[in-house]
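# Residue-level structure breakdown
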Amino acid sequence: MPPALRQRASRGNVSETRNTNGGNSSPRANGGSPRTRIGGSGSSGGKLLVDAPSKWKSLVTRASSAFAMIAGFVTILAAGHVPTILLIFIIQGLMVRELFALAVEVRKEKDVPWFRLQQWYFYGTAVFFTYGRFLKHKWLESSIVKAPERLGAFGLFMFAHHSFISYIGWMVGLVLFVLSLRSRGLYLYQFGQFAWTHMIIVTILMQSSCFVANVLEGMIWFVFPVSIVFFNDAAAYMCGFFFGRTPLIKISPKKTWEGFIGGLIVTLIVAPFAAAWMQKYEWLICPVDDKSPLRLFGGASGCDVDPLFVAKEVTVGSIVGGFESALGWMVPHGWVATVARALFGLETMRVSWFQVHAVVFASFASIIAPFGGFFASGFKRAFKIKDFSDTIPGHGGITDRMDCQMVMALFSHLYITNFIRQPGLMTVGQLLLKIEFLTNENLLRLYKAVGKMIVTRGLKLP
């Protein structure tokens, strides 16, 4: 909250008490775990990791937690699409909880009736709207096409009017919020919490829901971006751990140029080989559609292998041509291919297009995604806290672990929809949903029109 608003809030009897001695803050009003406060300078210590006396203890703690997270992550991935989506849902809920609690600790909870419940109601409504947009069409492929009777009239109504129902749900929350405005001295506090709630919901849900969309495109589009960010973070940490001497950015004093550049180089080297290994597995590359429906347990299978994942002999010029076109005037035409030939003697190579896309993902994960972490560092220093919580030993809270992942989620989803899939095409499930609500007269007209199309194309009925 800006200082001016904070002063005005204090006039409205919203008291704040801060721990200024660098120790632990008092437990939060909603029962969450306490967070460690940092000193008034906004830094938890300017000593570089390579010079820190307890760096080996920190490494062991951080590595142990990392191995535990990797083991759990792999186990859930092996269980299939639905458990993976549930994992995303749980993680985003924990992130929202940490950020809700952050506002409570700074402004201190007041006697506002049912406001915590209102926060979670708005969150639930946003989840219904956001996840419904990504899930309904994919599920329709396997439900309406194969067994429309499973949905029933109520299910069809919910799918057809999903956005309107979401809006009505939000309006109910708005009405309840207005009715809760009772004490004039609390108006500023309540509206501040209302804005804070919606900012958190929009920020977290918009990005984490992209993970769900990626899962439905094929598990590999979720697994690879998440893994490459995690790997880059580990590589940058280790390079900084052993070689870091030059501070990278003031807002995150333990980050070094050696760690940043070392992580970039190692990630770019590993990315195409990791992509080549992942694309061998059918359960990773199959999208959720009518051939590979969404199942409670187990991954999709039985799909036609996308040529994107098939390695073949290609010229260097054809690979870099797309990147040069995207960069436009910034890179002269043919320059990258010329450099590759001069340095490595490469004319052709055997790769899949997914490996090429993997290099793009690795570049973004190494250069741009870390700024999500820097943003989170500045955010925490603004609130004078070291971590969002102490859920994960050596890493902090869920939000501390997911800051770069959120940036990568949105990028990977937009990259897929803009450069890999064809947007704007209506699926069979979407078309059948529209047909379900036609009048009998229009349904017969459609039947005759489709019959003429089948005859015109010389097709035979199955």
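Residues numbered from 1 in each chain as written. Predicted model: local features only at pLDDT ≥ 70, side-chain atom pairs only at ≥ 80, totals over all residues. Heavy atoms only, no water.

## A look at the overall build of the protein
- The helix and strand tally for the protein stands at 17 helices and four strands.
- Relative to its 462 residues, the protein shows a buried fraction of 42%.
- Looking at the protein alone, contacts between residues at least 24 apart form 77% of all its contacts between residues at least 6 apart. (Helix = DSSP H or I, 4+ residues; strand = E, 2+ residues; numbered from the N terminus. Buried < 20%, exposed > 50% of the residue type's maximum accessible area, 1.4 Å probe, protein only. Contact = heavy atoms within 4.5 Å.)

## Points about the environment of Phe-374
- In this fold, Phe-374 is placed in helix H14 (residues 370-382).
- Sequence separation between Phe-374 and Cys-404 is 30 residues, and the spatial gap between their C-alpha atoms is 8.9 Å.

## Looking at a nonpolar patch on the surface
- A contiguous nonpolar surface patch, about 760 Å² in accessible area, is contributed by Tyr-121, Phe-164, Tyr-167, Ile-168, Val-172, Val-175, Leu-176 and Leu-179.
- Along the chain, Leu-179 falls in helix H6 (residues 162-179).
- Judged by its relative accessible area of 59%, Leu-179 is exposed. (Patch = residues over 30% accessible without salt bridge, like charges linked within 9 Å, V, L, I, M, F, W, Y side chains within 5 Å. Areas by Shrake-Rupley, 256 points an atom, 1.4 Å probe, with all protein chains shown as cover. Salt bridge = Lys/Arg side-chain N within 4 Å of Asp/Glu carboxyl O.)

## Brief notes about the packing of H14 against helix H15 (residues 398-420)
- Relative to each other, H14 and H15 sit at 135 degrees, their axes nearing to 7 Å. The orientation of H14 with respect to H15, classified from their angle, is oblique. Helix-helix and strand crossings are classified by hand; for H14 and H15 the assignment is right-handed. For the pair formed by H14 and H15, the contact residues are Pro-370, Gly-372, Gly-373, Ala-376 and Lys-380 on the first element and Asp-400, Asp-403, Cys-404 and Val-407 on the second. (Axes fitted to C-alpha atoms, helices over the stretch in contact; angles between N-to-C directions. Parallel < 35°, antiparallel > 145°, perpendicular 65-115°, else oblique. Left-handed = near helix turned anticlockwise from the far one by under 90°.)

## Considerations on the nonpolar core
- The biggest cluster of nonpolar side chains holds 71 residues, and the ones touching the most others in it are Phe-211, Ile-220, Trp-221, Phe-222, Phe-224, Ile-228 and Phe-354.
- In terms of residue count, the dominant contributor to this core is helix H7 (residues 187-217) (12 residues).
- Each residue touching Phe-224, except ones within four places of it in the same chain, is listed here: Ala-271, Ala-274, Ala-275, Met-278, Phe-354, Ala-358 and Phe-361. (Core = buried A, V, L, I, M, F, W, Y, C linked by side-chain atoms within 4.5 Å.)

## So, the pairing of strand S2 (residues 252-256)
- Looking at chain direction, strand S1 (residues 247-249) and S2 are connected through two bridges and run antiparallel. Bridging across to S2, Ile-249 finds its partner in Ser-252.
- Counting the residues that bridge the hairpin from S1 to S2 gives two residues. (Pairing = 2+ DSSP bridges.)

## Regarding the pattern of salt bridges
- What the rule picks out here adds up to four salt bridges.
- Its salt-bridge partner being Asp-233, residue Arg-62 comes within 3.3 Å of it at the nearest N-O pair. Note that Arg-62 is positioned in helix H2 (residues 55-79) and Asp-233 in helix H8 (residues 219-243), a separation of 171 residues in sequence.
- According to the relative accessible area criterion, Asp-233 is partly exposed, its value standing at 24%.

## Some details on the packing of aromatic side chains
- Taken as a whole and assessed by the stated rule, the structure comprises 32 aromatic pairs.
- Between Phe-73 and Phe-222, the aromatic rings sit 5.9 Å apart at their centres with planes inclined by 55 degrees, giving tilted as the arrangement. Within this pair, whereas Phe-73 is found in helix H2, its partner Phe-222 is found in helix H8, the two being separated by 149 residues in sequence. A single burial state applies to Phe-73 and to Phe-222, both of which are buried.
- Taken together, the aromatic side chains of Trp-221, Phe-224, Phe-309, Phe-354, Phe-361, Phe-364, Phe-411, Tyr-415 and Phe-419 make up a single cluster linked through ring pairs.
- One cation-aromatic arrangement involves Arg-62 over Tyr-237; the distance from NZ or CZ to the ring centre is 4.6 Å. (Phe/Tyr/Trp six-rings, centres within 6.5 Å; stacked < 30°, edge-to-face > 60°. Lys NZ or Arg CZ within 6 Å of the ring centre and 35° of its normal.)

## Looking at the side chain of Ser-252
- Within the secondary structure layout, Ser-252 lies in strand S2.
- In contact with Ser-252, other than residues within four places in its own chain, are Phe-374 and Ser-377.

## Considering helix H13 (residues 353-367)
- With 15 residues, H13 extends 22 Å between its outermost C-alpha atoms, agreeing within 8% with the 21 Å of an ideal straight helix rising 1.5 Å per residue.
- Taken as a whole, H13 has its buried residues at Phe-354, Gln-355, Val-356, His-357, Ala-358, Val-360, Phe-361, Ala-362, Phe-364, Ala-365 and Ser-366. (Expected span 1.5 Å × (residues − 1).)

## Some points on the confidence of the model for the protein
- In this model, the protein carries a mean pLDDT of 78, and residues with pLDDT of at least 70 account for 71%.
- When mean pLDDT is taken per element in the protein, helix H9 (residues 257-278) scores highest with 95 and helix H1 (residues 3-11) scores lowest with 44.
- This stretch, residues 1-34, has a pLDDT under 50; its non-local contacts, to residues over four places away or in other chains, come to 47 contacts.
- With pLDDT under 50 throughout, residues 39-45 is counted as low confidence; its partners more than four residues away or in other chains account for 10 contacts. (pLDDT = per-residue confidence, 0-100.)

## Some thoughts on the side chain of Ser-180
- Of note, Ser-180 is situated in the loop between H6 and H7.
- Assessed through its relative accessible area of 6%, Ser-180 is described here as buried.
- Among the polar contacts made by the side chain of Ser-180, one reaches the main-chain carbonyl oxygen of Phe-177 at a distance of 2.6 Å. (Polar contact = N/O pair within 3.5 Å; in protein donor to acceptor, adjacent residues only side chain to side chain.)

## Observations concerning unusual backbone geometry
- Its identity is not glycine, yet Lys-384 carries a phi of approximately 60 degrees, on the positive side.
- Note on Lys-384: relative accessible area 31%, which makes it partly exposed.

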